[in-house]
Amino acid sequence: ARPLVRATSMCLALLLAAAESSLPLERLGTHAMLEVLDAPFDALNSTDRVLGALRAAAASGNLTVLGEHVHAFPVMGVSVLLLLSESHLSAHTWPERGYAAVDLFTCGPPSSLPCGEHRPARREIPGDWRCPDDRSVPAGSSAGGGLAGAVEAVLEGLGATGARLLWLERGLPPPPGERGAPPPG
């Protein structure tokens, strides 16, 4: 495996292990980590294209953009951040590898994403999401709304031919005296 893919997979494995061992949470938001694979160099090296993909994701997810920050690196690659009323969307690209790491966090209502919380999904585009248990989950469209629509908008906007996705609910553990109680709502 390539070093970047190996390091990313290790980070996802550590995050997954920590999430599975955690206490029930008072849900505050949903955090999706999207790995864009095999996207064209020109798309990933263009601040306009990456910014456009994140703007389309925000629009698809009905998210409110409060601000934008864009940085083009001197040789290649870009970082883009959208500050949202609901939290943030960010992308960091490695055009020479056809790769982008995209982070989507929202504090809105729960969103239906493929395969379930803490279960990494992979996808070859066109095609459906594949879960670790080999289930196939139909890919949506950017018109679908929510975080699922935002994910699709990023993939469409960057022209990706593959993706990996891991998501989890984020929040606070119950107070020490209530740790045995079921999570609210």
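Our structure is the block above this text.
Below you will find a few notes about this structure.

What counts as what
Residues numbered from 1 in each chain as written. Predicted model: local features only at pLDDT ≥ 70, side-chain atom pairs only at ≥ 80, totals over all residues. Heavy atoms only, no water. Helix = DSSP H or I, 4+ residues; strand = E, 2+ residues; numbered from the N terminus. Contact = heavy atoms within 4.5 Å. Areas by Shrake-Rupley, 256 points an atom, 1.4 Å probe, with all protein chains shown as cover. Expected span 1.5 Å × (residues − 1). Buried < 20%, exposed > 50% of the residue type's maximum accessible area, 1.4 Å probe, protein only. Salt bridge = Lys/Arg side-chain N within 4 Å of Asp/Glu carboxyl O. Core = buried A, V, L, I, M, F, W, Y, C linked by side-chain atoms within 4.5 Å. Pairing = 2+ DSSP bridges. Axes fitted to C-alpha atoms, helices over the stretch in contact; angles between N-to-C directions.

Moving on, we come to the overall build of the protein chain. Counting secondary structure elements, the protein chain contains 4 helices and 9 strands. Sequence-ordered secondary structure for the protein chain, helices as α and strands as β, is α-β-α-α-β-β-β-β-β-β-β-α-β. Residue pairs at least 24 apart in sequence account for 65% of intrachain contacts in the protein chain once pairs closer than 6 positions are excluded. Entry remark: accessible area of the protein chain is about 9400 Å², with carbon and sulfur atoms responsible for 59%.

In this section: helix α3 (residues 47-60). Under the 1.5 Å per step criterion, the end-to-end length of α3 is 20 Å for 14 residues, consistent within 8% with the ideal 20 Å. Taken together, the buried positions of α3 are occupied by V50, L51, A53, L54, A57, A58 and S60. The elements touched by buried residues of α3 are α2 (41-44), β2 (65-72), β3 (78-84), β4 (87-94), β5 (99-106) and α4 (146-158). Of the residues flanking the end of α3, it is N62, one or two places downstream, whose phi is positive at about 55°.

The tally for this structure, following the rule as stated, stands at 6 salt bridges. Of the charged contacts, one joins E152 and R123 as a salt bridge, the two residues approaching to 2.7 Å between their closest N and O atoms. Taken as a pair, E152 in helix α4 and R123 in strand β6 (residues 121-124) lie far apart in primary sequence, 29 residues in all. Assigned by exposure class, E152 and R123 land together as buried.

This brings us to the nonpolar core. Nonpolar side chains in soluble globular proteins tend to end up buried together. Ranked by internal contacts, the top residues of the largest apolar core, which has 38 residues, are L34, V36, V102, L104 and W129. Looking at this core, the elements with two or more residues in it are β1 (26-37), α3, β3, β4, β5, α4 and β9 (162-172). Considering each element in turn, this core owes the most residues, 7 residues, to α4.

Overall, antiparallel pairing links the 9 strands, which are arranged β2-β3-β4-β5-β1-β9-β6-β7-β8 in an open sheet. Where the open sheet ends on each side, the last strands, each with one partner, are β2 and β8 (136-137). Relative to β5, β1 runs antiparallel, the two sharing 7 bridges. Residue pairing for β5: V36 is matched across the bridge by A100. Across the sheet, α3 lies against β2, β3, β4 and β5, angled at about 25° from β3, the strand it touches most.

Interpretation note: all reported values are geometric properties and have no functional meaning in isolation.
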